[in-house]
Amino acid sequence: MPINSKFFMKILVAFYSRTGLTKKLALSLADKIGAEVEEIMDQNPRSGVLGYIVSGREAISKKLAKIDAPSLNPGDYDLVIIGTPLWAGTMSSPIRTYLSQFKGVFKAVAFFTTQQAGAQERVFTILSDFIGIKPLATMSVLSKEAVRGDYQEKINDF
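Analysis parameters
- Residues numbered from 1 in each chain as written.
- Predicted model: local features only at pLDDT ≥ 70, side-chain atom pairs only at ≥ 80, totals over all residues.
- Heavy atoms only, no water.
- Patch = residues over 30% accessible without salt bridge, like charges linked within 9 Å, V, L, I, M, F, W, Y side chains within 5 Å.
- Areas by Shrake-Rupley, 256 points an atom, 1.4 Å probe, with all protein chains shown as cover.
- Salt bridge = Lys/Arg side-chain N within 4 Å of Asp/Glu carboxyl O.
- Helix = DSSP H or I, 4+ residues; strand = E, 2+ residues; numbered from the N terminus.
- 1 Å grid on protein atoms, 1.4 Å probe; cavity = no way out; pocket = protein on both sides within 12 Å on 5 of 7 lines; lining within 4 Å.
- Points joined across faces, edges and corners; volume = space filled by probe spheres on them.
- Nonpolar A, V, L, I, M, F, W, Y, C, P; charged D, E, K, R; others polar.
- Expected span 1.5 Å × (residues − 1).
- Buried < 20%, exposed > 50% of the residue type's maximum accessible area, 1.4 Å probe, protein only.
- Arc of directions from axis to C-beta.
- Contact = heavy atoms within 4.5 Å.

(A) Summary view of a nonpolar patch on the surface. Residues Val49, Tyr52 and Ile53 make up a contiguous nonpolar surface patch of roughly 330 Å² in combined accessible area. Among the structural elements, Tyr52 can be located in helix α2 (residues 48-60).

Written out as structure tokens, the structure is:
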């Protein structure tokens, strides 16, 4: 069942994006439902092949990243939609840090991911278990769909 923004007074879309694809999806989603946006800003450079390798290694080892202090408190929102790219089949380390910082303050959550291939269902379980809240909805978009902008139907279903 899709999220109905009429049932939530305040919605926040919090996301991290290394390449811009997760950001593209997050902004489109936020615009559609009238949500505020918090981009998680990583303090580590992650561009290029080396950035890709380091990012995957951090994700596998469940390492926390150094992020800028978020400007919005997710506890002030009725629903927080959390977006992350999949790194080595799991959540990105900047999202892991964000969730660690705010564990226990989320009232309701939903998740979306961007990725090259599958594994999103496992990641939704990891995210849910990590913060101790079941998501109201989940959505996954393949990178090739995000590049083409071929995700509006998924946003509508979300």
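Don't stop here, the text continues.
(B) Representation of the layout of surface pockets in the model. Of the voids in this model, the largest pocket is the one considered here, and its volume is about 420 Å³. The wall of the largest pocket is formed by 19 residues, among which Tyr52, Pro85, Leu86, Trp87 and Gln116 lie closest to the centre. The residue makeup of the lining of the largest pocket, split by class, is seven nonpolar, eleven polar and one charged.

(C) Expanded view of α2. Here α2 contains 13 residues, and its C-alpha end-to-end distance of 19 Å stays within 8% of the 18 Å for a straight helix at 1.5 Å per residue. Taken residue by residue, α2 has Gly51, Ser55, Gly56, Glu58 and Ala59 as its buried positions. Along the long axis of α2, the arc covered by the buried residues comes to 160°, so they all point the same way. Along α2, the residues that are exposed and aim more than 90 degrees away from the buried face are Val49, Leu50, Arg57 and Ile60. Each element contacted by the buried residues of α2 is listed here: β3 (79-87), β4 (90-91) and α3 (93-102).

(D) Representation of the pattern of salt bridges. Tallied over the full model, the rule gives five salt bridges. Arg46 is paired through a salt bridge with Glu58; the nearest N and O atoms lie 2.7 Å apart. Here Glu58 lies in helix α2 and Arg46 lies in the loop between β2 (36-39) and α2, a separation of twelve residues in the sequence. For Arg46, a relative accessible area of 6% gives the class buried. A single salt-bridge network, built from bridges that share partners, covers Asp42, Arg46 and Glu58.

(E) Seen up close, the environment of Leu127. One can find Leu127 in helix α4 (residues 120-131). In the structure, Leu127 is positioned 81 residues away from Arg46 in sequence and 22 Å away in space, judged by C-alpha atoms. Look past the residues within four positions of Leu127 in its chain and what remains in contact with it is Thr84, Met91, Ile95, Leu99 and Phe111.

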